[in-house]
Amino acid sequence: MLFKRRYDQDLQLIQTPQAWVAFGLLAAALIALPFLVRGYIVYNVSLFLIYALVAVSLAILVGFTGQVSLGHAGFLAAGAYVTAYLSSSDWPFLLALVAAMIVTGLLGLIIGVPALRLEGPYLAIATLGFGLGIQQILNNWSLVGASTGMLVNRPEILGIAFFRDTPYYYLVLGIAGLSIWGCFNLSRSHIGRAFRAVRDADLAAQMSGINLAYYKSLAFVLSAMLAGLAGGLFGPLVGYITPESFNLLLSIKFLLMTIVGGLGFLPGAIIGAAFVTGIEVWLSSFRNWSQLVFGAVVVALMMLEPFGLYGRWLKVRQFWKTWPF
Amino acid sequence: MKTAANQAARSVPALLRSRSSDTGVAHRVKRLGLWHEISWSEYAADASALAARLVGLGVEPGDRVALLGENRPEWLVADLGIQSAGAVTVGIYTTSGADQIRYYLEHSGSRGLILEDAEQLEKWLAIRDKCPDVRWVCVIEQEAMEGVEQWDEAIALGRKLLSATPDAVDARIDGIDPDDTALFIYTSGTTADPKGAMLTHNNLFWATESLAEAIPTTSRDEFISFLPLSHIVERLITVVSPLKLGYTVSFCENLDTVMQDMQEIRPTVFFAVPRIWEKMLSLVELHMRDAHVLKRVAYGWAMKSARGSAGASRVIAHALVLRFLRIRLGLDRVRVAISGAAPISPGILAWFRALGVDVREGYGLTESTGLIAIHREDGKLGSVGPAFPGVEIRISPDGEILSRSRGNFKGYFGDAEATAEALAGGWLHTGDVGELDQAGNLSITDRMKDIIITAGGKNIAPQKIENQLKSSVFINDAVVIGDRRRYLIALIVLDEDNITKWAADRQLPYTTYSDLARNAEVFELVEAEVESVNSTLARVETIKKFAILTKRLYHEDGDVTATLKVKRSSLARTYADLIESMY
């Protein structure tokens, strides 16, 4: 038990020495990764980090504010294409990333404001339409290569080359890591609390002085910006982007990550991303049956633990925390 | 530390004065969810300021000032402040009703009153007109009002006076003789009006020494305070002993948060009344009923291994299960625990010992400054152990326990007759019946006045039977009646938490406690408990009939004393009809 002397102790992200140890081990593992495993695993972990960022952005929108989005691949696409186009026009990579975030943020506003009137399935369809729309636009826009797509080079920032897998991994780790940390802080802030209030009881939230329109739109904008950032990192990782790769299935996969991992929890989104990325590697051995197995696994998981993987972890932790009671 | 000054201190306030430059932590208190620390120097300065205020008001050495509030640092500042002015502190139980407070104020002739909050202030305002002798009233938490001064103002005025006349308080402290009265402690008064026992500074010094010898304590120990400070034992361990030994006392936020505060503070020495020990055991049992089957099995196995003598399984039980149970209860750092102020069922002590907590039962009277006997390590269950260091114990021809020590009180205020009776022949007459065994262990049978003589002429001590009934998780209190009757009956008060849980599990409909008390299934449950107790008793001691009281027993209603000891005569009067119907 903590001997509380300051109110800050309640708000700290890492509260106990054990948590510090766990965090330390995780950080050490992530930093030492390229020296411990083979090249293609580093590539996959980079992909996992990018997906985790998208899953986290979706967790903020769906998990915290309760607004469904089936079009997040659209934000990813927008981010990827803006970054790719600008960096091929000799913009500095980091500046291109920022520009991508601004553009996707505006897109988020464009879809977010009309979405204020929509709920549940209607919002889902609207965002689905948005995702398809982005795909269509990119498919027919010759500036960015239309259906043929674009080649994306890995960047060189301030003289450091990030062409190879390992340096690029560290770049992704740094940017995604900082952004996810930012999301954790957002979750603990008054904005995070306002988001959850909107999800749980929006009428009561309004009566407590929370401007629904503002916070709902803010959630969309922030979520879109983070997905855009992820998109900007995604392009150089895979090397070649086409509108075809940012399809509805990808949007659904992101939503799956958030739900399977544990809806409403940021660590859940990250765990969900790890789960889905990892299972795809495992499923490749099933070849024709991979989709069936994937579906079966997800159904089983949802039946056994509706609160997702992280939810189950919380239950296990609670069981042992109250031992022997 | 300040040992030279300690030895030279001739009064309790002098002990505090010797710590005026000590920056160590004296008190910890939780305000608005955060813990604050108060140093000895702050404590001493505030007490000095209050004393100065009292001097300025014209309080003379030997005058009485009353104190009415829950446990908090200000209570101690007030107590020491009053004593530093050479006056006498009269602590009043916060559960006292307005009329009872008027009795205490009038009987003690108190000239001042310090209150804690709105609740106590309301009681004062109700009796204000009937207490003309109380000329100064101070309130700690409320704002000042007409005729009532605010605490902070009083301290500020005191400080001003001290800066003008720095020696005002020192002079008073130096003028205290060790045989002067330091405090009045009003006894429970189970059979008559409460009497004001006078305890001197010497009494308190001796008690601190004896206690420290029986239970070695250092300045690094941590104590927790929540039991009423108007009780002598709590006063000793929270107020007087720390002055001598220098340990830190932490105050609970309020009575409801005791369990959480225990987990945070993790005291090293812990004193509690049997009710608290019963509640802890009950809490564990209740949680276990709801726990996962794995946890239930683990708990059952652990307790069995701990009670047995097999070495390895006992060690494992402690490491894997019992240690964590102690942590949940906040008892993981407890070196020694004490149970006192009322009799405790040996079964409860055995349970705690199996858990790994060294709980020792103690016995004492206000009139002996709280100390007569206490278990040492591995004390014999059912007895209260050998005498405290410095105490002689004797059993009188009619079986009464007599004790003699430097802790025997000065006398009852304004009642020379009762004083003479209590201290006849130089020995304190405890009013309890008991035995001393070969090893010097004292065992208490019962209060002399409570011993039942049935119509058949049999002498029965109700305490033993009541304790056994109370060891059931469903029974909170039991009163056995049968004086001059053909057989024994019992009045039973249910343990609300456990009974409501039991009823909820069976989906019995009920709205209030009295509904449950009247419920037929609950009656059967209690009947089963009574029967299982009866099976251990001699035929003449068995409970033939019982009734479940539909109302809890409260101090304010006059059913129990401030220390929750049942007032048999008043209970017999209140429930006369019910009792008659059972015969």
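Just so we're clear, the structure is a prediction, and the values are computed from it rather than from any experiment.

Conventions we followed
- Residues numbered from 1 in each chain as written.
- Chains lettered and ligands numbered in written order.
- Predicted model: local features only at pLDDT ≥ 70, side-chain atom pairs only at ≥ 80, totals over all residues.
- Heavy atoms only, no water.
- Helix = DSSP H or I, 4+ residues; strand = E, 2+ residues; numbered from the N terminus.
- Rg over C-alpha atoms; globule rule 2.2 N^0.38 Å.
- Buried < 20%, exposed > 50% of the residue type's maximum accessible area, 1.4 Å probe, protein only.
- Contact = heavy atoms within 4.5 Å.
- Buried area = accessible area lost by both parts, 1.4 Å probe.
- Salt bridge = Lys/Arg side-chain N within 4 Å of Asp/Glu carboxyl O.
- Polar contact = N/O pair within 3.5 Å; in protein donor to acceptor, adjacent residues only side chain to side chain.
- Nonpolar A, V, L, I, M, F, W, Y, C, P; charged D, E, K, R; others polar.
- Patch = residues over 30% accessible without salt bridge, like charges linked within 9 Å, V, L, I, M, F, W, Y side chains within 5 Å.
- Areas by Shrake-Rupley, 256 points an atom, 1.4 Å probe, with all protein chains shown as cover.
- Lys, Arg positive; Asp, Glu negative; His and termini not counted.
- Charge placed at Lys NZ, Arg CZ, Asp CG, Glu CD.
- Phe/Tyr/Trp six-rings, centres within 6.5 Å; stacked < 30°, edge-to-face > 60°.
- Lys NZ or Arg CZ within 6 Å of the ring centre and 35° of its normal.
- pLDDT = per-residue confidence, 0-100.
- Core = buried A, V, L, I, M, F, W, Y, C linked by side-chain atoms within 4.5 Å.
- Pairing = 2+ DSSP bridges.
- Axes fitted to C-alpha atoms, helices over the stretch in contact; angles between N-to-C directions.
- Left-handed = near helix turned anticlockwise from the far one by under 90°.
- Expected span 1.5 Å × (residues − 1).

S.K.: Explain the overall build of chain B to me, using residue names and the numbers behind them.
M.R.: A count of helices and strands for chain B gives 22 helices and 25 strands. The C-alpha atoms of chain B give a radius of gyration of 24 Å, which matches the 25 Å a tight globule of 583 residues would have. Each principal axis of the C-alpha atoms in chain B carries an extent, and together these give about 70 × 55 × 55 Å. In chain B, which comprises 583 residues, the share counted as buried stands at 57%.

S.K.: Now, about the interface of chain B and chain A: what can you tell me, with residues and values included?
M.R.: The partner chain A presents 14 residues to the 22 residues of chain B that form the contact. Surface buried jointly by chain B and chain A totals about 1,800 Å² across both partners, of which 69% is contributed by carbon and sulfur atoms. Ranking the residues of chain B by area buried against chain A places Leu34, Lys295 and Arg328 of chain B at the top, with a combined share of 35%. The closest approach of N and O atoms between Arg5 of chain A and Glu37 of chain B, which form a salt bridge, is 2.6 Å. Joining chain B to chain A, the criterion identifies 9 residue pairs in polar contact (both at pLDDT 80 or more). Listed by contribution, the elements that provide at least two residues to the side of chain B that touches chain A are strand 2 (34-39), helix 11 (258-265), helix 12 (274-290), helix 13 (293-307) and helix 14 (311-329) of chain B. Considering every element that reaches the side of chain B that touches chain A, the biggest residue donor is helix 14 of chain B, with 5 residues. Looking at the side of chain B that touches chain A residue by residue, the classes come out as 13 nonpolar, 4 polar and 5 charged.

S.K.: Any chance you could break down a negative patch on the surface for me, citing the residues and the numbers?
M.R.: Residues and elements named next belong to chain B. Taken together, the side chains of Glu70, Glu119, Glu122 and Glu556 define an acidic patch exposed on the protein surface. Tracing the backbone shows Glu556 in the loop between strand 25 (543-548) and helix 21 (568-574). Overall, the relative accessible area of 47% leaves Glu556 in the partly exposed class.

S.K.: Could you give me a rundown of the packing of aromatic side chains, with the residues and numbers involved?
M.R.: Here the structure, examined in full by the defined rule, presents 26 aromatic pairs over all chains. Ring plane angle 40° and centroid distance 4.8 Å describe the contact between Phe75 of chain A and Phe130 of chain A, whose orientation is recorded as tilted. Of this pair, Phe75 of chain A sits in helix 4 (residues 72-88) while Phe130 of chain A sits in helix 6 (residues 120-140), and the two are 55 residues apart along the sequence. Ring geometry for Phe270 of chain B versus Trp277 of chain B: centroids 5.4 Å apart, planes at 80°, classification edge-to-face. As far as the burial class goes, Phe270 of chain B and Trp277 of chain B line up, both buried. Members of the aromatic cluster, each reached through a chain of ring pairs, are Tyr51, Tyr81, Phe234, Phe246 and Phe254 of chain A. Over the aromatic face of Phe319 of chain A sits the side chain of Lys295 of chain B, whose NZ or CZ is 4.0 Å from the ring centroid. Taking NZ or CZ as reference, Arg323 of chain B lies 5.3 Å from the ring centre of Phe324 of chain B, over its face.

S.K.: Describe the confidence of the model for chain B, naming the residues involved and giving the relevant values.
M.R.: All names here are of chain B. Counting all residues, the mean pLDDT for chain B is 90, and 98% of those residues have values of 70 or more. Low pLDDT, under 50, characterises residues 1-6; the predicted model gives this stretch 9 contacts beyond four residues in sequence or across chains. At the level of chain-chain contacts, confidence expressed as ipTM amounts to 0.73, with global pTM at 0.85.

S.K.: Can you lay out the environment of Arg188 of chain A for me, pointing to particular residues and giving the numbers?
M.R.: Residue and element names in this part refer to chain A. Looking at where Arg188 falls in the secondary structure, it is placed in helix 7 (residues 165-188). A sequence separation of 46 residues divides Arg188 from Phe234, and the C-alpha atoms of the two residues are 28 Å apart. With near-sequence residues (within four places) excluded, Arg188 lies in contact with Leu11, Gln12, Leu13 and Arg193.

S.K.: Account for the nonpolar core, with residues named and values stated.
M.R.: The biggest cluster of nonpolar side chains holds 124 residues, and the ones touching the most others in it are Tyr43, Ile114, Phe270, Trp277, Leu331 and Phe352 of chain B. Dropping the residues within four chain positions of it, Ile114 of chain B is found in contact with Leu50, Ala66, Leu67, Leu68, Ala78, Ile82, Trp136, Cys138, Ile140 and Trp151 of chain B.

S.K.: So what's going on with the sheet that holds strand 19 (residues 428-436) of chain B? Which residues, and what values?
M.R.: Residue and element names in this part refer to chain B. Spatially, 4 strands are ordered 16-17-19-20 in an open sheet, and the strand pairing comes out antiparallel. Either end of the sheet is taken by a strand with one partner, and the two such strands are strand 16 (392-395) and strand 20 (442-447). Going across the sheet, the axis of each strand differs from the next one's by a mean of 50°, ignoring polarity. In this structure, strand 17 (residues 400-404) lies alongside strand 19, joined through 3 bridges in antiparallel fashion. Across the sheet, the residue bridging to Leu402 is His429, located in strand 19.

S.K.: I'd love a proper account of a nonpolar patch on the surface, names of residues and values included.
M.R.: Residue and element names in this part refer to chain A. Nonpolar side chains collect at one region of the surface, where Trp91, Leu95, Val98, Ile102, Leu106, Leu109 and Val113 lie side by side and expose about 620 Å² of accessible area between them. Here Leu109 lies in helix 5 (residues 93-115). Exposure remark for Leu109: the relative accessible area of 39% places this residue in the partly exposed category.

S.K.: Just give me the short version of the side chain of Thr104 of chain A, but keep the residues and values in it.
M.R.: Residue and element names in this part refer to chain A. Within the fold, Thr104 resides in helix 5. Classification of Thr104 as buried rests on a relative accessible area of 0%. In terms of polar contacts, Thr104 uses its side chain to reach the backbone carbonyl oxygen of Ala100, at 2.7 Å.

S.K.: Which residues make up unusual backbone geometry, and what values do they have?
M.R.: Here the amide bond leading from Trp323 of chain A into Pro324 of chain A is cis, since omega sits at 0°, within 30 degrees of zero. Along the chain, Pro324 of chain A turns up in the segment after helix 14 (308-321). Positive phi outside glycine occurs at Ala146 of chain A, with the angle close to 45°. Along the chain, Ala146 of chain A falls in the loop between helix 6 and strand 1 (150-151). Phi is positive for Ala341 of chain B, which is not a glycine, with a value near 80°. The topology assignment puts Ala341 of chain B in the loop between strand 13 (336-339) and helix 15 (346-355).

S.K.: Any chance you could break down the packing of helix 5 of chain A against helix 10 (residues 212-238) of chain A for me, citing the residues and the numbers?
M.R.: All names here are of chain A. Where helix 5 contacts helix 10, the axes come no closer than 7 Å and their chain directions differ by 145°. At the point where helix 5 passes helix 10, the crossing takes the right-handed sense. On the side of helix 5, the interface is formed by Phe93, Leu97, Met101, Thr104, Gly105, Gly108, Leu109, Ile111, Gly112, Val113 and Ala115, while helix 10 contributes Ser217, Phe220, Val221, Ala224, Met225, Gly228, Leu229, Gly232, Leu233 and Pro236.

S.K.: I'd like to hear about helix 10 of chain A, residue by residue, with values.
M.R.: Residues and elements named next belong to chain A. Taking 1.5 Å per residue as the helical rise, helix 10 with its 27 residues ought to reach 39 Å, and the 39 Å between its terminal C-alpha atoms agrees with that figure. The residue sitting at the N-terminus of helix 10 and contributing the capping side-chain oxygen is Asn211; that oxygen lies 3.3 Å from the backbone nitrogen of Ala213. Residue Gly239 follows helix 10 closely and has a positive phi angle near 90°.

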